[in-house]
Amino acid sequence: MELFKKGKKESGAYTMIIGCGRLGASLANALSDQEASVAVVDKDERAFRKLDASYGGLTLTGDATDITVLRSAEIERADTVVSVTNDDNTNIMVAQIARNVYHIPNVICRLYDPEREIVYREFGIDTICPTVLSTREIDRLLGKAKGEKKA
Ligand code: AMP
């Protein structure tokens, strides 16, 4: 496990992002640009290549299902934990640890399985499901296309 801190001064609310894939990296870059305090955890060190050269937060290489990794990233002082690995079970586990063990006020997790999304939303964890979001958006675009054809 390796904790690496870049130079930029950090301030304000602390956000932890689990998974430095396309979504995690994009979010980490955006928060860093806003000068927010941010840390991103990924089990694959190469994933951090997606971060901008200007990224000023922390990076931590390690498996997020290992609680010592979460502790190393100081999960206990996070205001927000966003779990966006490509594995629903990992995201659920991290979200539950963040919510139930560390009482983090904002916990968001990505779930690929729409049926699980409904269940975890009921447990007070904010969830995003790419399948549901994409279906809604495609439906909206189809409705728009139909409307334009009628006019
Ligand atoms: P993507 O599919 O582009 O959203 O990327 C998902 C990221 O999650 C990848 O960079 C994976 O290495 C990372 N990942 C998957 N499982 C874990 C885990 N248990 N702990 C930390 N990172 C993970």
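About the cut-offs
- The written sequence of each chain sets the order in which its residues are numbered from 1.
- Since the coordinates come from a predicted model, pLDDT governs what is reported: local features require at least 70, and pairs of side-chain atoms require 80 or more to be given and counted, while whole-chain, interface and lining totals use all residues.
- To get the side-chain values, all heavy atoms of the structure are used, and hydrogens and water are removed first.
- Excluding any residue in a salt bridge, patches collect residues exceeding 30% relative accessible area, merging like charges within 9 Å and nonpolar Val, Leu, Ile, Met, Phe, Trp and Tyr side chains within 5 Å.
- To measure how exposed things are, a 1.4 Å probe is used in the Shrake-Rupley method; for residues, cover is taken only from the protein chains shown.
- We count a salt bridge whenever a side-chain nitrogen from Lys or Arg sits within 4 Å of a carboxyl oxygen from Asp or Glu.
- Starting at the N terminus, helices and strands are each numbered in turn, a helix being any DSSP run of H or I of at least four residues and a strand any DSSP run of E of at least two.
- Exposure is judged per residue with a 1.4 Å probe applied to protein chains only, and the accessible area is read against the type maximum: over 50% gives exposed, under 20% gives buried, and values in between give partly exposed.
- Two strands qualify as a pair provided DSSP detects at least 2 bridges between them.
- Whether a residue is near a molecule or strand depends on its heavy atoms: if one lies within 4 Å, it is near.
- Think of a polar contact as two N or O atoms within 3.5 Å of one another; within protein, one of them needs to be a possible hydrogen donor and the other a possible acceptor, and neighboring residues in sequence only count if both atoms come from side chains.
- Charged residues are taken to be Asp, Glu, Lys and Arg, nonpolar residues to be Ala, Val, Leu, Ile, Met, Phe, Trp, Tyr, Cys and Pro, and polar residues to be all remaining types, Gly included.
- A positive count includes Lys and Arg, and a negative count includes Asp and Glu. His and the chain ends are not counted in either.
- Only heavy atoms enter the contact rule, under which two residues are in contact if any of them lie within 4.5 Å.

Q: Before we go on, may I ask you to explain a nonpolar patch on the surface in this structure?
A: Together, Leu23, Ile128 and Leu133 line one region of the surface with nonpolar side chains, adding up to about 220 Å² of accessible area. Here Leu23 is to be found in helix H1 (residues 22-33).

Q: I'm lost on the pairing of strand E3 (residues 36-42) in this one. Help?
A: Successive side chains on a regular strand alternate, one facing one side of the sheet and the next facing the other. Across the seven residues that make up E3, a large majority, six, are buried. Examined bridge by bridge, E3 and strand E4 (residues 58-61) share four bridges and lie parallel to one another. For Asp42, the partnering residue across the bridge sits in E4 and is Thr61.

Q: Could you clarify how one ought to interpret the site of the ligand in this entry?
A: In the vicinity of the ligand, 14 residues are found, and the nearest of them are Asp42, Asp63, Ala64, Asn86 and Arg110. Ala64 is positioned with one of its backbone polar atoms (N or O) 2.9 Å from a nitrogen atom of the ligand. For the shell around the ligand, the per-class residue count stands at two nonpolar, six polar and six charged.

Q: Whenever I open this one, the side chain of Asp88 confuses me. Can you help?
A: In this fold, Asp88 is placed in helix H3 (residues 88-101). There is no salt bridge for the buried Asp88, and the closest opposite charge comes from Arg116, which lies 4.3 Å off by N-O distance. Side-chain polar atoms of Asp88 contact the backbone nitrogen of Asp113, separated by 3.0 Å. When neighbours within four sequence positions are excluded, Asp88 is seen to be in contact with Arg110, Leu111, Tyr112, Asp113 and Arg116.

Q: For this particular structure, what's the right way to read unusual backbone geometry?
A: Generally, phi is negative for residues other than glycine and the peptide bonds are trans, each holding for most cases. Phi at Glu74 takes a positive value of approximately 60°, unusual for a residue other than glycine. Here Glu74 shows up in the loop between helix H2 (67-72) and strand E5 (80-83). Classification of Glu74 as partly exposed rests on a relative accessible area of 34%. For His103, which is not glycine, the phi torsion reads 50° and is therefore positive. Here His103 lies in the loop between H3 and strand E6 (106-110).

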